[in-house]
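If you want the building blocks of each chain, they are given just below.
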Amino acid sequence: MAIENACQISVTNRQQVFKVPKGEPLLMAMEKLNQRAIDVGCRGGGCGLCKVKVLQGDYQTKRMSKAHISEEEAALGFALACRLTPLSDLELESDHFPLKK
Ligand code: FES
């Protein structure tokens with residue numbers, strides 16, 4: 001079934017593409033679709049596990065802990081997927097949790 005008013009999310013490092021409803025936090029919308037393109041942790045901005053880098057597209061974020069996303073990183077497109085709401089189609093990379101690198 002097609003999602004009305006959807007944003008297409010392309011997760012380049014995991015070669016996954018899916019559509020989420022506009023206006024929903026990305027991580028939770030992804031989970032509803034049973035997609036696993038972004039790692040899921042606390043869902044509340046506390047663990048940093050869902051850190052992504054947006055390569056293309058528009059989005060907004062709720063407040064994010066500077067422990068996980070510094071101002072410099074935010075300016076470069078880094079964000080926590082559980083705090084990020086897509087406003088357009090997005091191209092992004094997941095797997096930016098520091099312990100995995
Ligand atoms: S899931 Fe923990 S910060 Fe997003």
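Look up: the structure comes first, before these words.
Position numbers for residues start from 1 in each chain and track the written sequence from start to end. The predicted origin of the model limits local features to residues at a pLDDT of at least 70 and limits the giving and counting of side-chain atom pairs to 80 or more, whereas totals for whole chains, interfaces and linings rest on all residues. Only hydrogens and water are set aside; all other atoms, that is, all heavy atoms of the structure, feed into the side-chain values.

1. Quick look at the pattern of salt bridges
Thought 1: Throughout this description, the term salt bridge denotes a Lys or Arg side-chain nitrogen within 4 Å of a carboxyl oxygen of Asp or Glu. A complete count under the given rule lists 6 salt bridges for this structure.
Thought 2: As a salt-bridge pair, E31 and R43 come within 2.7 Å of each other at their nearest N and O atoms. Linking E31 in helix α1 (residues 26-32) with R43 in the loop between α1 and β3 (51-56), this pair joins segments that are 12 residues apart in sequence.
Thought 3: Here K66 makes a salt bridge to E71, at a shortest N to O gap of 3.9 Å. The numbering of helices and of strands both runs from the N terminus, where a helix is a DSSP run of H or I of at least 4 residues and a strand a run of E of at least 2.

2. Some remarks on the nonpolar core
The tendency in soluble globular proteins is for nonpolar side chains to be buried side by side.
Thought 1: Residues I9, F18, L26, I38 and L92 are the most contacted members of the largest nonpolar core, which totals 24 residues.
Thought 2: In terms of residues, this core owes the most to one element, α1, which gives 4 residues.
Thought 3: Contact criterion: two residues are considered in contact whenever any of their non-hydrogen atoms come within 4.5 Å of each other. When neighbours within four sequence positions are excluded, L26 is seen to be in contact with I9, F18, V20, I38, A81, L84, P86 and L92. Throughout this description, the term nonpolar core refers to a set of buried Ala, Val, Leu, Ile, Met, Phe, Trp, Tyr and Cys residues connected via side-chain atoms within 4.5 Å. Exposure categories follow from relative accessible area, calculated using a 1.4 Å probe and restricted to protein chains: below 20% of the type maximum is buried, above 50% is exposed, and the middle band is partly exposed.

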